Every structure is written in C-alpha cells, then in structure tokens.
Amino acid sequence: LLLAAGGSSRLGRPKQLVDWGGRPLLSHVIAEVAEWPAERVVVVIGAAADELLDGVDFGLADVVVNPEWEEGMASSLRAGLDVLSRDARLDAAFVALGDQPAIDPGVPGRLLEAYRASRSQAVVPKYRYTRGNPVLVDRRLWARLMSLSGDEGARRLFQAHPEWVEEVWFDTLPPRDVDTDADVAELRPRR
C-alpha cells in the first residue's frame, strides 16, 4: 500500500511529479515497490489526482483516488486498506510512503521474514534508534488502522500497544522524505 495522496504544501507543487532521474518521483517509487515481495501494489493518490493520472507510470499497480486526502494520512490508509481487505488472499500489507525514494531494497524482505517467523501484528523497521517505513501490518490490524483519523498514521497506535509490534533493526539511517526543494536538490539522483 503506497500512500501518495498529500498536497505537497511545503514544496508548493505536486512532489509526486518532481523529476527523479528522468521520470516522476512517484513513478520511481512505484517501480521500486513493484520489486518487493508482494502480491499486488495499491497506490493511493488524492491531491492533483488528474495530473498524477496523466503524468505517472503506475505500471501494474491499482490506483485509488482518495477524495478525503485533505484529512491526512489516516484517510489514505482507509481508502487503500478498504481495497486490500476485499482480497481474501492477503494476510498482511506493507505500508510505504510515495515520497521516500530510497528505501533499501533489502528492508521489505527482512520485514517479511520476521513477520513469517513471529506472526506479529506489525513489523516495523528500526533504523539505528528510530522507527521508520515501510511497515508490515497483519490483516488483524487493518480494521483498527481504518478507524484512525488525522495525519499521523499508525505511530500512536503502535506506541500504545507495543505488544503488537516487532522491530527489525537496521544499521542505516531511516529513508528520507522528499518535502522541500532542499530535499529534492540533496536526494535527487544525478544523471
């Protein structure tokens, strides 16, 4: 589940369309996520949806337009998990952010291995001393996630219920978000 519905208020233009090595940032992230060990990819968009539908290569991903994107991340979780919950084959979902283009390709596999070994309700990467993304969430938690509101995602829920969470430690820094022109300049791949 790739969340990419935000309005890019700090950047002032749709960050999903920022040139990222010759293609839009969101196209880049979708291509990376398509390589993860997952049955399907669902991308949730909202702000500038028409522009994104015209300018982004979604590949084989399913696209969900979240009309309530201004509410924040929780509304996108609801929209995406609603689609995934209709697929009885799925036991868990990775939740990733469309503005994090540099997730180490080994992270999803290690999260999945930990999930299969423990069957925890949530498996979270801990980059040195900070939790980050993507998060692998068991189907048992989807209804809870769909009841959240606001712009925080599941962070508070996981803090309130540490017994649900298994952390997988990584010795790298957490992936960075692309939020500002400075982030674009620093993180964009060089041609």
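Report follows, based on the coordinates. Since the structure is predicted, the reported quantities are computational estimates derived from the model, not experimental observations. (Residues numbered from 1 in each chain as written. Predicted model: local features only at pLDDT ≥ 70, side-chain atom pairs only at ≥ 80, totals over all residues. Heavy atoms only, no water.)

## What about the pairing of strand 4 (residues 92–97)?
Then, number 1: The element strand 4 is largely enclosed, with a buried count of 5 among its 6 residues.
Then, number 2: Note that strand 1 (residues 2–4) and strand 4 share 2 bridges and pair parallel. Bridged to Leu-2 within strand 4 is Ala-96. (Buried < 20%, exposed > 50% of the residue type's maximum accessible area, 1.4 Å probe, protein only. Helix = DSSP H or I, 4+ residues; strand = E, 2+ residues; numbered from the N terminus. Pairing = 2+ DSSP bridges.)

## Some points on the layout of surface pockets
Then, number 1: Roughly 1,200 Å³ of volume is contained in the largest pocket.
Then, number 2: Residue lining of the largest pocket: 42 residues in total, with Met-73, Leu-97, Asn-133, Asp-151 and Asp-177 positioned closest to the centre.
Then, number 3: Where the lining of the largest pocket is concerned, the elements lending two or more residues are strand 1, helix 3 (73–85), strand 4, strand 6 (130–131), strand 7 (135–138) and helix 6 (155–160).
Then, number 4: Counted by class, the lining of the largest pocket contains 17 nonpolar, 15 polar and 10 charged residues.
Then, number 5: Lining the second largest pocket we find 23 residues, and of these Pro-37, Ala-38, Glu-39, Leu-90 and Ala-92 sit closest to its centre.
Then, number 6: Broken down by secondary-structure element, the contributors of at least two residues to the lining of the second largest pocket are strand 4 and helix 4 (107–118).
Then, number 7: The greatest single-element share of the lining of the second largest pocket, amounting to 4 residues, is contributed by strand 4.
Then, number 8: Here the residues of the lining of the second largest pocket sort into 17 nonpolar, no polar and 6 charged. (1 Å grid on protein atoms, 1.4 Å probe; cavity = no way out; pocket = protein on both sides within 12 Å on 5 of 7 lines; lining within 4 Å. Points joined across faces, edges and corners; volume = space filled by probe spheres on them. Nonpolar A, V, L, I, M, F, W, Y, C, P; charged D, E, K, R; others polar.)

## Concerning the packing of aromatic side chains
Aromatic ring pairs are reported here in terms of the distance separating the ring centres and the angle at which the planes meet.
Then, number 1: By the definition in use, this model includes 2 aromatic pairs.
Then, number 2: For the ring pair Trp-36 and Phe-94, a centre distance of 5.4 Å and an interplane angle of 70° mean the geometry is edge-to-face. Here Trp-36 is found in the loop between helix 1 (25–33) and strand 2 (42–45), whereas its partner Phe-94 is found in strand 4, with 58 residues between them in sequence. For the pair formed by Trp-36 and Phe-94, the shared burial category is buried. (Phe/Tyr/Trp six-rings, centres within 6.5 Å; stacked < 30°, edge-to-face > 60°.)

## Let's talk about the environment of Ala-38
Then, number 1: Mapping Ala-38 onto the fold places it in the loop between helix 1 and strand 2.
Then, number 2: Sequence separation between Ala-38 and Phe-94 is 56 residues; the distance between their C-alpha atoms is 8.1 Å.

## A short note on a nonpolar patch on the surface
Then, number 1: A surface patch of nonpolar side chains, amounting to about 210 Å² of accessible area, comprises Leu-53, Val-63 and Val-65.
Then, number 2: Locating Leu-53 in the fold gives a position in helix 2 (residues 49–55).
Then, number 3: Judged by its relative accessible area of 42%, Leu-53 is partly exposed. (Patch = residues over 30% accessible without salt bridge, like charges linked within 9 Å, V, L, I, M, F, W, Y side chains within 5 Å. Areas by Shrake-Rupley, 256 points an atom, 1.4 Å probe, with all protein chains shown as cover. Salt bridge = Lys/Arg side-chain N within 4 Å of Asp/Glu carboxyl O.)

## A few points about the nonpolar core
Then, number 1: The biggest cluster of nonpolar side chains holds 34 residues, and the ones touching the most others in it are Leu-2, Leu-26, Ile-30 and Val-43.
Then, number 2: Breaking this core down by element, the ones donating at least two residues are strand 1, helix 1, strand 2, helix 2, strand 4, helix 4, strand 5 (122–127) and strand 8 (165–170).
Then, number 3: Those residues within four positions of Leu-2 in sequence are excluded, and the remaining contacts are Leu-26, Val-29, Ile-30, Val-33, Val-42, Val-43, Val-44, Ala-96, Leu-97 and Gly-98.
Then, number 4: Grouped together as the second largest cluster of nonpolar side chains are 29 residues, Val-44, Ala-74, Val-135 and Leu-157 included. (Core = buried A, V, L, I, M, F, W, Y, C linked by side-chain atoms within 4.5 Å. Contact = heavy atoms within 4.5 Å.)

## Brief notes about the pattern of salt bridges
Then, number 1: Applying the stated rule across the entire model yields 16 salt bridges.
Then, number 2: Linking Asp-179 and Arg-10 is a salt bridge whose minimum nitrogen-to-oxygen distance equals 3.5 Å. Taken together, the residues span a long stretch of sequence, with Asp-179 in the loop between strand 8 and helix 7 (181–187) and Arg-10 in the loop between strand 1 and helix 1 at a distance of 169 residues.
Then, number 3: Take Asp-179: its relative accessible area is 11%, and that puts it in the buried class.

## Comments concerning helix 1
An α-helical segment advances 3.6 residues per turn. Residues three or four places apart therefore align on the same side.
Then, number 1: Counting buried positions over the 9 residues of helix 1 gives 7, a clear majority of the element.
Then, number 2: Regarding helix 1, the residues found buried are Leu-25, Leu-26, Ser-27, His-28, Val-29, Ile-30 and Val-33.

## Remarks on unusual backbone geometry
Peptide bonds are, in most cases, trans, and in most cases residues other than glycine have a negative phi.
Then, number 1: The linkage connecting Asn-133 with the following residue, Pro-134, adopts the cis geometry, with an omega of 0°.
Then, number 2: You can see Pro-134 is positioned in the loop between strand 6 and strand 7.
Then, number 3: In the Ramachandran plot, Ala-48 falls in the positive-phi region, its phi being about 55° despite a non-glycine side chain.
Then, number 4: Here Ala-48 lies in the loop between strand 2 and helix 2.

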